[in-house]
Amino acid sequence: MPEFIDDFLFTYQTLVYSLGINGLLALSIYVVLALGQLSMGQAAFMGMGAYVSALLTVKLGVAFPLVLLAAMLLPALAALIVGAPTLRLSGVYLALATIGLGEVQRIFFLNSELTGGALGLSGIPMKGGLVSIYGSLGLALLACIFVARSRIGRAMEAMREDELAAGALGVDLPAYKLAALVVSAMLAGLAGALNAHVTSFISPEDYGFHAAVSILSYALLGGIGSPFGPVLGAFILTLLPEVLRSLADYRGVVSGAIIVLVVIFMPRGLLTWRMGRVGAATRRPS
Amino acid sequence: MLAQQLFNGLVVGSIYALFALGFTLMFGVLGVVNLTHGFYLSIGAFVALYATQHGVAIWLALPLAALASGVIAIVVDGLLLTPLRRAKASELASLMVTLGATLLLYSIANAALSTDIRRFPPGVIDGSAIDLAGVRVTLTQCLIVASAAGLVAALLWLMNGSRLGMGLRALAERPDTAALMGVNAGALVRLVSLISGGLAGACGVLIGLNYNAIQPYMGEVMMLKGFAVIILGGLGDIRGALVAGLIVGLLETLTAGYVASSVKDGVGFALLVLTLWIRPSGLFGRIAVKRA
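About the criteria used
Residues numbered from 1 in each chain as written. Chains lettered and ligands numbered in written order. Predicted model: local features only at pLDDT ≥ 70, side-chain atom pairs only at ≥ 80, totals over all residues. Helix = DSSP H or I, 4+ residues; strand = E, 2+ residues; numbered from the N terminus. Rg over C-alpha atoms; globule rule 2.2 N^0.38 Å. Buried ≥ 20, exposed ≤ 12 C-beta atoms within 10 Å, placed from the backbone. Contact = placed C-beta atoms within 7 Å. Core = buried A, V, L, I, M, F, W, Y, C linked by C-beta atoms within 7 Å. pLDDT = per-residue confidence, 0-100. Expected span 1.5 Å × (residues − 1). Axes fitted to C-alpha atoms, helices over the stretch in contact; angles between N-to-C directions. Left-handed = near helix turned anticlockwise from the far one by under 90°. Nonpolar A, V, L, I, M, F, W, Y, C, P; charged D, E, K, R; others polar.

**A look at the overall build of chain B**
Here comes step 1: Helix and strand counts for chain B come out as 11 helices and 2 strands.
Here comes step 2: Listing each helix as α and each strand as β along chain B from the N terminus yields α-α-α-α-β-β-α-α-α-α-α-α-α.
Here comes step 3: Taking 19 Å as the expected radius of gyration for a compact globule of 292 residues, we find that chain B reaches 19 Å, a close match to that expectation.
Here comes step 4: Taken over 292 residues, chain B has a buried fraction of 51%.
Here comes step 5: For chain B, the proportion of contacts with a sequence separation of at least 24, taken over those separated by at least 6, is 77%.

**Remarks on the interface of chain B and chain A**
Here comes step 1: Facing the 35 residues of chain B at the interface are 34 residues of chain A.
Here comes step 2: The dominant element in the side of chain B that touches chain A, judged by the number of residues it contributes, is helix H4 (residues 91–113) of chain B, at 14 residues.

**Here we look at the nonpolar core**
The tendency in soluble globular proteins is for nonpolar side chains to be buried as a group.
Here comes step 1: Counting residues in each nonpolar core, the largest one holds 188 residues, and the members touching the most others are Leu25 and Ile259 of chain A together with Leu21 of chain B.
Here comes step 2: The residues contacting Leu25 of chain A, other than those within four sequence positions of it, are Gln42, Met46, Ala188, Ala191, Ile215, Tyr218 and Ala234 of chain A.

**Details of the confidence of the model for chain B**
Residue and element names in this part refer to chain B.
Here comes step 1: Taken residue by residue, chain B gives an average pLDDT of 86. The fraction at 70 or more is 97%.
Here comes step 2: Mean pLDDT across the secondary structure elements of chain B bottoms out at strand S1 (residues 129–132), with 76, and peaks at helix H2 (residues 37–53), with 91.
Here comes step 3: For this predicted complex, the interface confidence comes out at an ipTM of 0.84, alongside a pTM of 0.87.

**Some points on helix H9 (residues 218–233) of chain B**
Residues and elements named next belong to chain B.
Here comes step 1: A rise of 1.5 Å per residue sets the reference length of H9, with its 16 residues, at 22 Å; its end C-alpha atoms lie 23 Å apart and thus fit the reference within 8%.
Here comes step 2: Burial runs high along H9: 15 of the 16 residues are buried.
Here comes step 3: Phi for Gly234, located one or two positions after H9, is positive at around 95 degrees.

**A closer look at the environment of Gly47 of chain A**
Residue and element names in this part refer to chain A.
Here comes step 1: Among the structural elements, Gly47 can be located in helix H2 (residues 42–60).
Here comes step 2: Judged by C-beta crowding, with 32 C-beta atoms within 10 Å, Gly47 ranks as buried.
Here comes step 3: C-alpha of Gly47 to C-alpha of Gln105: the two residues are 58 residues apart in sequence and 8.5 Å apart in space.
Here comes step 4: Setting aside residues no more than four positions away along its own chain, Gly47 makes contact with Gln105, Phe109, Gly192, Asp206 and Tyr207.

**Some thoughts on the packing of helix H9 (residues 209–222) of chain A against helix H10 (residues 228–243) of chain A**
Residue and element names in this part refer to chain A.
Here comes step 1: In contact at an axis separation of 7 Å, H9 and H10 are set at 115 degrees when each is read in the N-to-C sense. Seen along the crossing, H9 lies across H10 with a hand that is right-handed. Across from Ser217, Tyr218, Ala219, Leu221 and Gly222 in H9, the residues of H10 making contact are Gly229, Pro230, Val231, Leu232, Gly233, Ala234, Ile236 and Leu237.
Here comes step 2: Tallied by class, the residues present in the contact of H9 with H10 amount to 9 nonpolar, 4 polar and no charged.

Here's what the structure looks like:
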């Protein structure tokens, strides 16, 4: 690697890593938002992935790929238990149940000896890096683009715009919602595991209500018309406190204000592109 | 011992019910899941704290705190939710706005007030306990149970027995039609915000008195319990909020007493998930089927 890239990485390593991880988190909530559902459990799923992976690595010395797999499966299971019963109800129930999941998990992490209580876990070996983080982000982004351009993506968009109409046209609503929620939990769990293995230290407060709202603000700012929007939003909101140092102390105010302003004044976000469908250009009648 | 546990559970349950009442009223009439509800609780507690520190009697400080929280609830509703209502945005849009507003308001309160725990001036309310057949009962505890019962009765009468309630129910059913029938929708929306915020504020004062601890995040702690109570009781169900509040409060106290106090905070969430699996419409609920 050329020397200047090495230097750059050395100085900005943490920032470069958190850009990729927050991008992955933004995609994880996009998967659910894209069909008109709201999961506030992304921070909780991330925390679950982080703690499970850290414990497997530190206490049992499990190989890193297996650790990542476990960090995706456990949140998926939690999403099934908490999310599945809400999917036939109004979207409000999923939001409330997932906020509850985050709170109860935070209380568990704070009180359990296994997870190190309020002190959290430290000394997690650095196993992740540029390749694993940006490789995951790239793969997830590609998969999202591929799905968005397919029949599934069109069904998702139809659900977001009018769920009743989509259901009447034969879209299997609960199946789509459940699949989206499980995939979203897996992505968040993966992000959590990668984050734990590049920061070496995790604590319960990293995965609370504040984190959940920040993740939502990424996706809403960027816009959920295409998978690029949430990633753009995550990049902007991660860079902002670095550029404007004085903002760093007011992250909560910034995330909160962005959600309020975007929902009221700019409901489609910054990037208002829609994904075209595969082969749309060739099929268009001349 | 058991009698004392049951009484403590009744008190805790009444607190949960009080918190859930305003939240469930707001959802029942306006269809808004208002997450800023917990913040009004903190406002109420702080207003009462400052009032009593300046020599105002607690009997006056309590309604004052409720009024202040209610007025702030009207302002927040007017600024954030009225534009969405006008644009006919979805339930989730209003939920997201209040979510953002909650983080915004807590962050500001945290910067302005710090997270130190504050206490009411000594002697603000008679703290001595009387012995009722082996159960220790304080004046604050009686006040909490009585307010929960009284306010539920008053709300049920308001909704089902008064002319105003007819308007509120019409508004809940179909806002546009209600407005065409001569219901002053704007005024009723403000009334619901005032009652809902006021209930949260009063609840904040009572919690502050009961535990003698006040800090900006006290409302956030209630959120988890509040959700459990609201879903167990059925979203929008006033009677359900009271019964579910008592159930959660009693089960929590009994778990803390006979199992382990560390498991206590999981009880509400376990009930929430169980309700969603077994009876998503809540204790007395009827499932509201949404049709185009």
